[in-house]
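So you can see what is in the structure, the chains are spelled out below.
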Amino acid sequence: MLLSEICKILTLDFKGEDKEIISLNTLDDAKNNEMSFIDNPKYLSSLKTTKAYAVLVDKKYQDNIPSSTIALFTDEPYLKLAYASKIFASKVLEDSGVYPEVDKSAKISPTAYVGEGAKIGANVQLLPNAFIGDYVEIKENTIVYPSVSIYRNTKIGKNCIIHAGSVIGSDGFGFAHTKTGEHIKIYQNGNVEIGDNVEIGGNCTIDRAVFGSTIIKNGCKIDNLVHIGHNCTIGEHSILVGQSGLAGSSTFGRNFVLGAQSGVSGHLNIAPFTTVAAKSALTKSIKESGKTFAGFPSFEHRKWLRLQAKIAKLLK
Amino acid sequence: MLLSEICKILTLDFKGEDKEIISLNTLDDAKNNEMSFIDNPKYLSSLKTTKAYAVLVDKKYQDNIPSSTIALFTDEPYLKLAYASKIFASKVLEDSGVYPEVDKSAKISPTAYVGEGAKIGANVQLLPNAFIGDYVEIKENTIVYPSVSIYRNTKIGKNCIIHAGSVIGSDGFGFAHTKTGEHIKIYQNGNVEIGDNVEIGGNCTIDRAVFGSTIIKNGCKIDNLVHIGHNCTIGEHSILVGQSGLAGSSTFGRNFVLGAQSGVSGHLNIAPFTTVAAKSALTKSIKESGKTFAGFPSFEHRKWLRLQAKIAKLLK
Amino acid sequence: MLLSEICKILTLDFKGEDKEIISLNTLDDAKNNEMSFIDNPKYLSSLKTTKAYAVLVDKKYQDNIPSSTIALFTDEPYLKLAYASKIFASKVLEDSGVYPEVDKSAKISPTAYVGEGAKIGANVQLLPNAFIGDYVEIKENTIVYPSVSIYRNTKIGKNCIIHAGSVIGSDGFGFAHTKTGEHIKIYQNGNVEIGDNVEIGGNCTIDRAVFGSTIIKNGCKIDNLVHIGHNCTIGEHSILVGQSGLAGSSTFGRNFVLGAQSGVSGHLNIAPFTTVAAKSALTKSIKESGKTFAGFPSFEHRKWLRLQAKIAKLLK
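Computed from a predicted structure; not experimentally measured. (Residues numbered from 1 in each chain as written. Chains lettered and ligands numbered in written order. Predicted model: local features only at pLDDT ≥ 70, side-chain atom pairs only at ≥ 80, totals over all residues. Heavy atoms only, no water.)

A. Highlighting the sheet that holds strand β30 (residues 263-264) of chain A. Residues and elements named next belong to chain A. The nine strands lie next to each other as β7-β10-β13-β16-β21-β24-β27-β30-β33, forming an open sheet whose pairing is parallel. For this open sheet the edge positions go to β7 (113-114) and β33 (281-282), each flanked by a neighbour on one side alone. In this sheet, β30 lies alongside strand β27 (residues 245-246) in parallel orientation, the contact comprising two bridges. Bridging across to β30, Gly245 finds its partner in Gly263. (Pairing = 2+ DSSP bridges. Helix = DSSP H or I, 4+ residues; strand = E, 2+ residues; numbered from the N terminus.)

B. Representation of helix α4 (residues 301-313) of chain C in the model. Its 13 residues give α4 of chain C an end-to-end C-alpha distance of 19 Å, which sits within 8% of 18 Å, the value for a rise of 1.5 Å per residue. Residues of α4 of chain C that are buried: Trp304, Leu307, Gln308 and Ile311 of chain C. In an axial view of α4 of chain C, the angular spread of the buried residues amounts to 100°, which keeps them on one side of the axis. Residues of α4 of chain C that are exposed and point more than 90 degrees away from the buried face comprise Arg302 and Lys313 of chain C. Lining the buried residues of α4 of chain C we find α4 (301-313) of chain A, α4 (301-313) of chain B together with β34 (292-294) and β35 (299-300) of chain C. (Expected span 1.5 Å × (residues − 1). Buried < 20%, exposed > 50% of the residue type's maximum accessible area, 1.4 Å probe, protein only. Arc of directions from axis to C-beta. Contact = heavy atoms within 4.5 Å.)

C. Just the relation of the copies chain C and chain B, in detail. Here chain C sits on chain B after a turn of 120° about the axis and a move of 0.0 Å along it, with an RMSD of 0.0 Å. Between the two chains, the operation in question is that of a three-fold axis. (Least-squares fit on C-alpha atoms with pLDDT ≥ 70 in both.)

D. Quick peek at the packing of aromatic side chains. For the structure on display, the rule yields 21 aromatic pairs over all chains. Ring geometry for Tyr113 of chain A against Phe131 of chain A: centres 5.1 Å apart, planes inclined by 15°, an arrangement best described as stacked. In this pair, Tyr113 of chain A is assigned in strand β7 and Phe131 of chain A in strand β10 (residues 131-132), connecting sequence segments 18 residues apart. Owing to a relative accessible area of 25%, Tyr113 of chain A belongs among the partly exposed residues under this scheme. We classify Phe131 of chain A as buried; its relative accessible area is 3%. Here the aromatic rings of Phe37 of chain C and Phe211 of chain C are separated by 6.4 Å at their centres, their planes lie at 45°, and the arrangement is tilted. In this pair, Phe37 of chain C is assigned in strand β2 (residues 34-37) and Phe211 of chain C in the loop between β21 (205-207) and β22 (213-216), connecting sequence segments 174 residues apart. In this structure, Phe37 of chain C and Phe211 of chain C share a single accessibility class: buried. Its guanidinium or amino end placed over the ring of Tyr187 of chain A, Lys185 of chain A lies 5.4 Å from that ring's centre, counting from NZ or CZ. (Phe/Tyr/Trp six-rings, centres within 6.5 Å; stacked < 30°, edge-to-face > 60°. Lys NZ or Arg CZ within 6 Å of the ring centre and 35° of its normal.)

E. Quick look at the interface of chain A and chain B. The interface is formed by 48 residues belonging to chain A together with 38 residues belonging to chain B. Together, Val92, Phe173 and His183 of chain A form the three largest contributors to the area buried by chain A at its contact with chain B, with a combined 20%. Between chain A and chain B we count one salt bridge in total. Between Glu199 of chain B and Lys185 of chain A there is a salt bridge; the shortest N-O distance is 2.8 Å. For the interface between chain A and chain B, the tally reads 17 residue pairs in polar contact (both at pLDDT 80 or more). (Buried area = accessible area lost by both parts, 1.4 Å probe. Salt bridge = Lys/Arg side-chain N within 4 Å of Asp/Glu carboxyl O. Polar contact = N/O pair within 3.5 Å; in protein donor to acceptor, adjacent residues only side chain to side chain.)

Function-wise, these values are silent; they only describe arrangement.
As structure tokens, then:
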């Protein structure tokens with residue numbers, strides 16, 4: 001859509017040449033036919049170097065906008081982003097008539113659904129009522145159990161097992177808020193990318209990214225009823241035990257282990273070989289690799305055990 | 001069914017005129033062709049004013065029964081209610097041949113199921129393997145993703161998004177217990193009513209009411225794997241984050257926020273604009289609006305932070 | 001497969017007579033046409049009395065191997081077991097053409113799937129998109145709601161209700177680990193057995209056993225989003241409330257009650273009539289019946305309440 005048309009919808013003015021905008025993106029990743037936004041001052045350095053053609057921005061940051069980027073001034077950049085995201089939202093189901101490419105050796109149940117432009121590799125098994133959205137790619141030998149729903153544009157590697165009922169690529173939980181307390185959906189136009197040899201248990205939920213990808217690397221093993229928020233990156237050979245969950249936008253090194261019913265906050269960086277005990281919550285980034293944490297608030301595991309012993313003494 | 005027939009099944013006597021009883025209901029809501037019960041003395045005032053035609057009641061409360069209401073004396077009123085609820089249970093699937101009403105602009109996948117008497121509004125999208133039970137109503141522009149199961153009599157507003165795998169209107173978790181430790185199902189004959197502009201994540205579960213409705217008001221946003229117990233009422237623009245849960249029969253004011261992996265006990269009243277932090281549990285009603293709570297047991301958030309600091313000092 | 005062929009795949013030597021091995025099993029349960037393993041010295045007494053034809057075992061335990069059992073020496077017996085388990089893995093879907101046996105009074109939705117050799121009893125109702133795997137048995141009057149997935153070999157009793165989206169018999173979460181941090185799947189060749197009068201809520205996950213059965217006895221009532229790990233045995237009339245979970249291989253006496261969002265560790269023995277409060281975790285076996293526990297770490301409930309009072313005093 002032309003920038004002028006977008007600005008009309010958003011009731012914003014702009015100075016500069018009109019241009020076709022093809023999508024929204026982060027300040028760092030936006031190309032010069034994309035539009036971006038800044039909501040949090042910690043991204044000011046990214047604003048200074050962005051290649052975005054236009055950016056939703058508060059006037060107070062105007063000195064940080066590159067000369068090649070058009071400023072769209074607003075005191076609610078995140079809310080405007082939400083309204084803009086709807087313009088670029090993908091269709092729920094395509095209807096342009098592009099055939100999927102299904103390898104002859106794949107076993108597709110007659111009640112499985114394979115969307116437009118999907119690619120299904122050799123020996124893939126799609127069981128009854130599996131839903132494979134448009135432009136999904138699934139590589140060889142992967143098994144998709146019944147009633148699994150894989151939303152559009154998801155990529156899944158080879159030798160994976162996805163157990164029944166899991167949902168991959170549903171919308172991340174992202175909203176901007178109006179001054180009157182309503183929540184405006186930020187359409188999630190990224191995807192999910194899953195590596196090779198990944199096993200995902202029953203009734204898990206893995207959200208698509210708002211921009212870019214939610215990434216699960218090779219060899220990860222995910223138990224039942226696990227929730228993975230949008231834009232997480234999970235390192236190779238990580239293990240997420242039953243009913244655990246990750247909020248959005250955290251990055252995990254390889255061989256991360258998350259205990260049952262535990263959680264991790266959003267926007268963290270977790271060093272490789274970190275372990276979180278069961279029923280705990282990690283709320284801070286971890287720089288040193290190989291450590292184990294427990295509790296909420298969490299402590300190093302040995303410290304947590306000592307603390308629990310101290311607490312129990314209060315009874316005496 | 002005639003009261004006399006019901007009493008035969010329940011092995012109870014009654015004095016008074018026989019009458020067709022059309023359903024069970026609470027003391028407050030029962031009409032004079034319905035039957036009710038009292039199990040907890042805190043509802044004695046409701047007993048005094050009930051319009052129920054008959055009531056399952058312990059003899060010790062006999063002085064509180066209105067003269068227009070027939071007493072069905074039993075020392076196990078809740079257990080008798082459970083047996084009675086089966087009499088009035090809806091069919092799992094109707095077979096009376098009532099066609100659904102589907103707007104011509106709705107897009108219904110060939111593998112979606114639409115039950116008897118259902119009403120599907122304009123531009124509604126039902127994706128593959130969606131199940132829409134009998135007499136469900138879905139208003140315009142709502143999207144129902146694959147393998148969503150919506151049980152009979154559920155009502156869903158306009159512009160809603162229901163992500164894959166969610167279950168709406170399944171039975172609330174209600175049982176009476178025999179003296180020998182068995183659990184007798186209380187059939188859940190209420191429904192679920194969801195307002196406009198509500199988004200529900202993947203693999204959530206929202207239980208139907210035992211009587212009346214489980215209610216989710218306009219603008220609520222619900223993340224993945226969230227559980228909502230029967231007979232809750234959730235105020236406008238509330239947010240329930242991933243893997244959180246509500247036990248039954250609690251009422252929440254507008255803009256309630258429940259953090260990830262947190263829970264709320266049953267039978268509470270929560271003031272508007274209440275926030276519960278992640279991994280916490282609220283077990284008491286909240287009268288003052290706008291407060292934030294954390295922990296389990298929960299404290300006001302600032303107090304909880306101070307308490308955690310004090311606890312950490314035990315290590316020194 | 002012949003022991004010699006198995007050993008070739010596992011790159012192991014053996015001394016003794018070659019023989020057809022029909023499956024893997026525990027030391028205690030293995031018959032003399034089965035293969036077993038020992039990984040943990042606490043099973044040394046079982047090694048001494050095993051009837052397994054061959055056993056994967058570290059050389060240091062060689063004095064404990066019965067003369068009738070062939071030793072397969074390896075310093076990674078659990079990892080070798082993982083590789084061996086793949087040899088004996090069941091097919092995802094059979095294709096030998098064995099018809100299911102469906103009682104004439106059963107109501108099977110046209111979009112439900114019934115696998116080879118399955119047995120569906122009188123008055124069973126299978127709703128749309130239910131998946132009934134190969135050789136599953138479901139007894140009379142049981143209702144299976146939409147998009148429920150029941151994996152092969154599961155057995156379900158009479159008068160059960162399985163709510164929408166639940167997954168029964170998916171693979172237990174079992175992996176052996178290589179020295180370089182990869183996880184090798186232990187194929188789960190056991191099953192799930194569910195008694196009579198059991199109700200299972202929406203979007204639950206109940207894992208199949210690695211060997212033998214995950215067992216849920218008569219009269220159990222399970223709420224929504226509950227996770228049950230492989231090889232658990234749950235006593236009669238137990239109640240598991242919403243979003244609670246059991247790790248693998250624990251055994252529970254009758255009338256066990258697990259509160260909402262609570263969990264129990266693996267390999268425990270829990271006495272009958274034990275109750276765990278909401279948002280708690282039980283990590284030790286319980287010998288005395290009838291007690292209630294709360295918290296994490298858990299205490300007897302009254303003690304936990306006293307402890308919370310003491311902790312709250314830290315604020316003063």
